[in-house]
Every structure is written in structure tokens, then in C-alpha cells.
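What follows is each chain in one-letter form.
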Amino acid sequence: MEEPFARLFPGRLHPLEIAATLRDAARESRLRTGEGIFAANTYVVHLALHDWRQLQSLENTVCTELARHVRSYAEGENWIIGPYVTVALQPDPDAGTGQIRVEAQYAQCPESAYLVVEAGLADRKRLPLGTEAVIGRGGNCDIVIPTPEVSRQHCRLSYKYVQYEIEDLGSANGTYLNGASVMRAFVGDRDLIEIGLVQLRFHAE
């Protein structure tokens, strides 16, 4: 991380100072649950106006690199941080040069997550996901799959703190994620969900 940032960050503020503050914020944000340790996935870095102006022209690149660093750090600590890690820079008129303050939050469910039917149904439409979606052949399900191999309430996709989780709801034929039978598991971008004879590709942009 140090070498690319050394070229990107001019002035007195060293990139590793920002990275270290982000790591501290991630550690302080940890949430312990029965499913593991979660870490916040949205970070706002407040900088002195002078420091912010120096980074403004490179802001997109800098934020991308910092988000990648936070994700890598969290994964190295075996924390669950999900695919939606973002870092933003904001000027703070009350901050002195070199001062850094980070706000860490758990982002709301992204609007860009969806399923695409890959096999098992003639209509291969895009199926948007909200905070929670029950999938099954029953008419009261959020996503209706009208095939006999699918249970009335087959499985549930829900956004859990930082990413989506799939849970089998006691289906007759089981729920499969990338070919493996699961009762409960986190779902990543482009993972394949199979229920009955239907294949659904998960997308998290």
C-alpha cells in the first residue's frame, strides 16, 4: 500500500496515517454476533481544508485504494465486511493540518443487488432485492418461482449488516450455493443459487 500511495499523496499528510486511522475505526466498529464479527463498511474521512484540497484532484483513486485497504485488513482479521466498502473524504474547517477524524457506519441495503434467472425458467428476468426477499412457489413470496420442485417458502435472502445472507426455510429439496447444500451462508457477487431446478445468479454491484 505504501508505494502507490506515496506517489498519490502530496504534502504533509502521510497516507499511512489515514490508513491507520481507518483501521482503528474499523476495529472500534466491530459487532460480535453468532454468525461472526462484523465491521462497518462505510467510512467518511474528515480532513483539514488544506489537506483535503491537496487530495481533491485524486480523490476517486485515493478513496478506491483506501477502501481496498480497509477490506483487506478486515478480511485478514477474519471480520465480515462485505463487498460494499466505501471511503469518502470531506473537508473539516475546524480541523488543523494533519488532523484526521473518521466516521464508520453500517451502510443500508444497496439498491443495486439483484438476481438473474440463468436456468429453469423461460423468463430470465432481473429480480431486484430489497432488505429481505422470501423465495418460493407460494403466491405470498417476494420472489415467486412457480415450479413443483420449489417449496412454498423455499429460502430467504436478507441483508445482514454488510452483505446478503441466504437461509433455507426447511425446503423439501434444499438450497444450494455454488453447488454446495447450505442451510445458512453469506452470498457474494456472481454466486450461483440453486433451488429445485432453477438457477439464480446473485449480483452485487
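See the structure above.
In this text the structure is predicted, and so the values were computed from the model without any measurement. (Residues numbered from 1 in each chain as written. Predicted model: local features only at pLDDT ≥ 70, side-chain atom pairs only at ≥ 80, totals over all residues. Heavy atoms only, no water.)

1. Regarding the sheet that holds strand β4 (residues 86–92)
Note the threshold: Any two strands with at least two DSSP bridges between them are considered paired. Runs of H or I in DSSP of at least four residues are treated as helices and runs of E of at least two as strands, each being numbered from the N terminus. With axes taken as lines fitted to C-alpha atoms, and helix axes fitted only over the stretch in contact, angles between N-to-C directions fall between 0 and 180 degrees. Any two residues having at least one pair of non-hydrogen atoms within 4.5 Å are treated as being in contact.
The strand order across the open sheet built from 3 strands is β4-β3-β5, with neighbouring strands paired in mixed fashion. The sheet is open, and its two borders are formed by β4 and β5 (100–105), each paired with just one other strand. Put simply, the sheet's adjacent strands are angled 20° from each other on average, direction ignored. Strand direction decides the pairing type here: strand β3 (residues 42–48) and β4, joined by 7 bridges, are parallel. When the sheet's bridge partners are listed, Val-45 is paired in β4 with Leu-89. Helix α2 (residues 15–28) contacts β3, β4 and β5 of the sheet and is inclined by roughly 35° relative to β5. Helix α4 (residues 59–76) contacts β3 and β4 of the sheet and is inclined by roughly 125° relative to β4.

2. Things to note about the pattern of salt bridges
Selection criterion: Any Lys or Arg side-chain nitrogen found within 4 Å of a carboxyl oxygen on Asp or Glu counts as a salt bridge. Think of it in three bands: with a 1.4 Å probe and only protein chains considered, a residue is buried below 20% of the maximum accessible area for its type, exposed above 50%, and partly exposed in between.
Scanning the model with the defined rule gives 11 salt bridges in all. Salt-bridge contacts for Arg-156 lead to Glu-132; the nearest nitrogen and oxygen are separated by 3.6 Å. Here Arg-156, found in strand β10 (residues 155–160), pairs with Glu-132, found in strand β8 (residues 132–136); they are 24 residues apart in sequence, far enough to count as distant. Its relative accessible area of 45% is what places Glu-132 among the partly exposed residues. By sharing partners, the salt bridges in this structure join Glu-35, Glu-132, Arg-156, Lys-160, Glu-165, Glu-167 and Arg-184 into a single network.

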